Amino acid sequence: MWGTIKIFPNLVNGTMNMVRNSSTLAALAAALIGTVSLPIHAKTDFNVVGREMAGMLQNSHYARIQFNADLSNKILTDYLADLDSARLYFTQQDVDAFEKKYGRRLHELLIKGRCMEPANEIYKVFSQRVGERVDYAKKLLKTAEFSFDSTKSVMRTRKDADWPSSQQAAEELWKIQIEEALLSEILRRDAVKRLAEEQGKKDPLADDKSPQEKIAQRYDRFLRSIGEADEEDVANYFLSAVAAAHDPHTDYMSTREMERFRSGMSNSLVGIGALLQAEDDGATKIMGIVVGGPADKQGELKLNDRIVGVDSLNKGDVVDIMYMKIDHVVEMIRGKVDTEVRLKVEPSDGAPGEVRFITIKRGRVELKDELASAEVIEMKHGAGQRRIGWLQLPSFYMDFDDGDPSVSADVQKLLNRLNQEKIDGLVLDLRRNGGGSLEEVRRITGFFVGRGPVVQIKDTIGRIESKEALFREPVYKGPLMVVTDKSSASASEILAGALQDYNRAVIVGDSSTFGKGTVQQPMEIGRYFRFFEDNTRAGYLKTTIQKFYRVSGSSTQKLGVEPDIVLPSVTDALEIGEAYLDHPLDHDLIREAPNFKPRNRDDLFIPILKERNEARVKKAKDFQYVVEDVARTKQRIAANAVSLNRAKREAELSDSEKRRKDRNVERRERFAQMEAADRQHLKFYRLTLDNLKVDSLPEVDREKDAQAFMRRAKDKEDALDDTPLWPSGLDPVKRESLSIVADLVEQIDKATTVGILPAAE
């Protein structure tokens, strides 16, 4: 309900990055300060940007969508949804007026170079409505008395709700929204206080502002973020809606967003190496410091320090950043290598009101915790000892400028060392991997299958091209398993799908992957400007130009990759995936790739693996908890209601807390036994790009390793979380995956021994 949060899954050549423009929720996504040198005052005419973007979409988008009244209606709907996704600010009268005036002609205004007229007018009304609603909310928080004893409820999600029919209806809606917000804050504080008392600790919220003040503060921050939006921000919202009306992954990217996107793809950036978060009271908090980065080397900036002012050029001109949008703060802090930024900071260990000035020289920061890494896990399985490699692949990164770092080069190095370690089997972990470079996934597939087709690409006129891996021999030839989840998208789906089609690997995970089967290309809009038009801040159009298909001929679009062995997952209750997005392209089939020669599927022994897996999952208490949570979550989503009755909510929370405590009691005893057994049966060795050449790999120290690349601040409530950690750092999926791959190794060894399979080279 906090308003304009723009979340688009931006996938380019197979990458899924979440781009967020909001006050607090955007903070972590935007805060590892990147670099770009930009003029402070943009002169770019965004009417021209819209005009050129319209032409680019008509000429380059895969679906060749007609620019007509239907598209105009989609654009308007998406723009309003981006601004007011919960339908809390606009009224039905507002929406009717917009539809009457613009619903059938936005496409014409775009082509004529007049798109900022509707963009600004609608945003102005939105800003006005936000002001009215926030004023009303603050008035209620000051004067209204809520008994919390009614039978009323609020909708958990208002995505498909009706717009308020009038100003009066809007106020009635907001009255119950504020009542719910206040009740939730009171209950949250009660729960924190109760936990602190049970653990003999001080209540971390004891000195906080009152619930009413805290909620008012949040609305103040949101209102200010809306009010300070410049023309580039408004254009960003509107042109993103224009793009998204074509399909979920076509997007307009402002200059600010493109720089963050490039940094994310390359896994390196230029800045101070700090993770930022916007606070409700207006300051910007230091939530993480990159080990070895500029801020870490300078040494004065500390975790939980609060930035309240920025002098971008270190020339004595400190700008007050209180309540400033987080992406604007980021833009002020970033700059060129070896330039200095001066920060006005409220130190976390200082006296109230104390401020310090800290000057930091910007430098290149490598995000090592986002690079490929591995573990070697020694485990007893059955009567034998196994060495399993676990290769973690967070994304398919590649530096677009010079190709370094390249995930394929990194993976090849890790695989070579894993081969030296004489692993018996390998697990490739693609969970939470949103994709990346198509060329990189093509190379990596070749590491496991050798020469052969990897993916098929179909363009807008129906031409089909088969992309091949060029490795004559695989780098790794042993037993292979891939772990996926609902957030494994795009390039991850190409790799998992190819290895499944070749019968090269057993796929394990959620019921499917994300289902993103399209390819995007970023195009610089300013290149299409006339020579006298200022294109400094024109931004980029990232448009869908192709669909990709598995070598078997099936698109991953909407369906994703269905694993050979499905593990229980809470995501089964959630609407996650391409099929749930607005305007997705359809799934379809083409012919099988030329020269595609799959292996014998029987060599993966999937029936035996499934039988053993099902037996273990049936006994596994943590998977039973997941199944229970899935059923409970489905019921809650279907009900789509949150009670405003305090007694009822307290009863629900009490039930939830009892369930949590009962589980924790059971888990502590069981986890202690598992830890003891693990010490007898498991050993973990860490393999990173920094220790490839050591004689013997170091043992994993999970607590120390978690802070190896970035030191992170803990939320003041985190210390009260008494949920026991997974034994040996193995979540249920990872633990079961190790059992499955060990079963696979065992079956292959047996088949090799009796001559059914040839011996490994």
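Residues numbered from 1 in each chain as written. Predicted model: local features only at pLDDT ≥ 70, side-chain atom pairs only at ≥ 80, totals over all residues. Heavy atoms only, no water.

**As for the overall build of the protein chain**
Argument step 1. Helix and strand content of the protein chain: 20 helices and 25 strands.
Argument step 2. By the compact-globule yardstick of 27 Å for 761 residues, the protein chain fits well, its C-alpha radius of gyration being 27 Å.
Argument step 3. Across its three principal directions, the C-alpha atoms of the protein chain cover 80 × 70 × 55 Å.
Argument step 4. Excluding contacts between residues fewer than 6 apart, the proportion of contacts in the protein chain whose partners are at least 24 apart in sequence is 78%.
Argument step 5. By element, 48% of the accessible surface of the protein chain is carried by carbon and sulfur atoms, the whole surface being about 33,500 Å².
Argument step 6. Here the protein chain carries 116 positive and 124 negative side-chain charges, and the mean point of each set is 1 Å from the other. (Helix = DSSP H or I, 4+ residues; strand = E, 2+ residues; numbered from the N terminus. Rg over C-alpha atoms; globule rule 2.2 N^0.38 Å. Contact = heavy atoms within 4.5 Å. Areas by Shrake-Rupley, 256 points an atom, 1.4 Å probe, with all protein chains shown as cover. Lys, Arg positive; Asp, Glu negative; His and termini not counted. Charge placed at Lys NZ, Arg CZ, Asp CG, Glu CD.)

**As for unusual backbone geometry**
Argument step 1. Of note in this structure, Lys 422 is not a glycine but carries a positive phi near 55 degrees.
Argument step 2. Position of Lys 422 among the secondary structure elements: in the loop between α13 (407-420) and β15 (425-429).
Argument step 3. Using a relative accessible area of 64% as the deciding quantity, one classes Lys 422 as exposed.
Argument step 4. Even without being glycine, Phe 605 reaches a positive phi, approximately 55 degrees.
Argument step 5. Relative to the helices and strands, Phe 605 resides in the loop between β22 (565-566) and α16 (606-619). (Buried < 20%, exposed > 50% of the residue type's maximum accessible area, 1.4 Å probe, protein only.)

**Thoughts on the nonpolar core**
Argument step 1. Counting 73 residues, the largest nonpolar core has Tyr 79, Phe 90, Phe 238 and Leu 239 as its most contacted members.
Argument step 2. Counting only elements with at least two residues in this core, the list comes to α2 (46-60), α3 (69-83), α4 (92-102), α5 (106-111), α6 (116-143), α7 (167-198), α8 (211-227) and α9 (231-244).
Argument step 3. Top contributing element to this core by residue count: α6, with 12 residues.
Argument step 4. Within the second largest apolar cluster, 50 residues are counted, among which are Leu 391, Val 407, Val 455 and Tyr 502. (Core = buried A, V, L, I, M, F, W, Y, C linked by side-chain atoms within 4.5 Å.)

**Thoughts on the pattern of salt bridges**
Argument step 1. By the definition in use, this model includes 67 salt bridges.
Argument step 2. The partner of Lys 138 in a salt bridge is Asp 220, with the nearest N and O atoms 2.9 Å apart. One end of the pair, Lys 138, is in helix α6; the other, Asp 220, is in helix α8, and 82 residues separate them in sequence.
Argument step 3. Glu 346 is paired through a salt bridge with Arg 306; the nearest N and O atoms lie 3.0 Å apart. Of this pair, Glu 346 sits in strand β10 (residues 340-346) while Arg 306 sits in strand β8 (residues 306-311); the two residues are 40 residues apart in sequence, bridging distant segments of the chain.
Argument step 4. Three or more residues joined by partner-sharing salt bridges are found here, namely Glu 185, Arg 188, Arg 189, Arg 218, Asp 280 and Glu 717. (Salt bridge = Lys/Arg side-chain N within 4 Å of Asp/Glu carboxyl O.)

**Details of the packing of α16 against helix α20 (residues 732-753)**
Argument step 1. Contact pair α16 / α20: the axes reach a minimum separation of 10 Å and the direction vectors enclose 145 degrees. In the crossing of α16 with α20, the sense of the turn from one axis to the other is right-handed. Facing α16, whose interface residues are Ile 608, Leu 609, Arg 612, Asn 613 and Arg 616, α20 presents Glu 736, Ser 739, Ile 740, Asp 743, Leu 744, Glu 746, Gln 747 and Lys 750.
Argument step 2. Grouping the amino acids of the contact of α16 with α20 by side-chain chemistry returns 4 nonpolar, 3 polar and 6 charged. (Axes fitted to C-alpha atoms, helices over the stretch in contact; angles between N-to-C directions. Left-handed = near helix turned anticlockwise from the far one by under 90°. Nonpolar A, V, L, I, M, F, W, Y, C, P; charged D, E, K, R; others polar.)

**Remarks on the environment of Val 427**
Argument step 1. Inspection of the secondary structure puts Val 427 in strand β15.
Argument step 2. Separated by 81 residues in the primary sequence, Val 427 and Val 508 have C-alpha atoms spaced 9.9 Å apart.
Argument step 3. If we skip the residues at most four places from it in the chain, Val 427 touches Ile 388, Gly 389, Trp 390, Leu 391, Met 481, Val 483 and Val 741.

**Let's talk about the packing of aromatic side chains**
Argument step 1. Tallied over the full model, the rule gives 15 aromatic pairs.
Argument step 2. Consider the rings of Phe 90 and Trp 163, whose centres lie 6.1 Å apart with planes at 65 degrees: the pair is edge-to-face. With Phe 90 in the loop between α3 and α4 and Trp 163 in the loop between β3 (153-154) and α7, the pair connects residues that are 73 residues apart, well separated along the chain. Each of the two residues, Phe 90 as well as Trp 163, counts as buried.
Argument step 3. Consider the rings of Tyr 123 and Tyr 237, whose centres lie 6.2 Å apart with planes at 20 degrees: the pair is stacked. Remark: Tyr 237 occurs in helix α9 and Tyr 123 occurs in helix α6; sequence separation between them is 114 residues. Of the two residues, Tyr 123 and Tyr 237, neither departs from the other in class, the shared state being buried.
Argument step 4. Directly above the ring of Tyr 323 sits Arg 224, whose terminal nitrogen or CZ lies 4.0 Å from the centroid.
Argument step 5. The ring of Trp 390 carries the charged tip of Lys 734 above its face, separated from the ring centre by 4.9 Å. (Phe/Tyr/Trp six-rings, centres within 6.5 Å; stacked < 30°, edge-to-face > 60°. Lys NZ or Arg CZ within 6 Å of the ring centre and 35° of its normal.)

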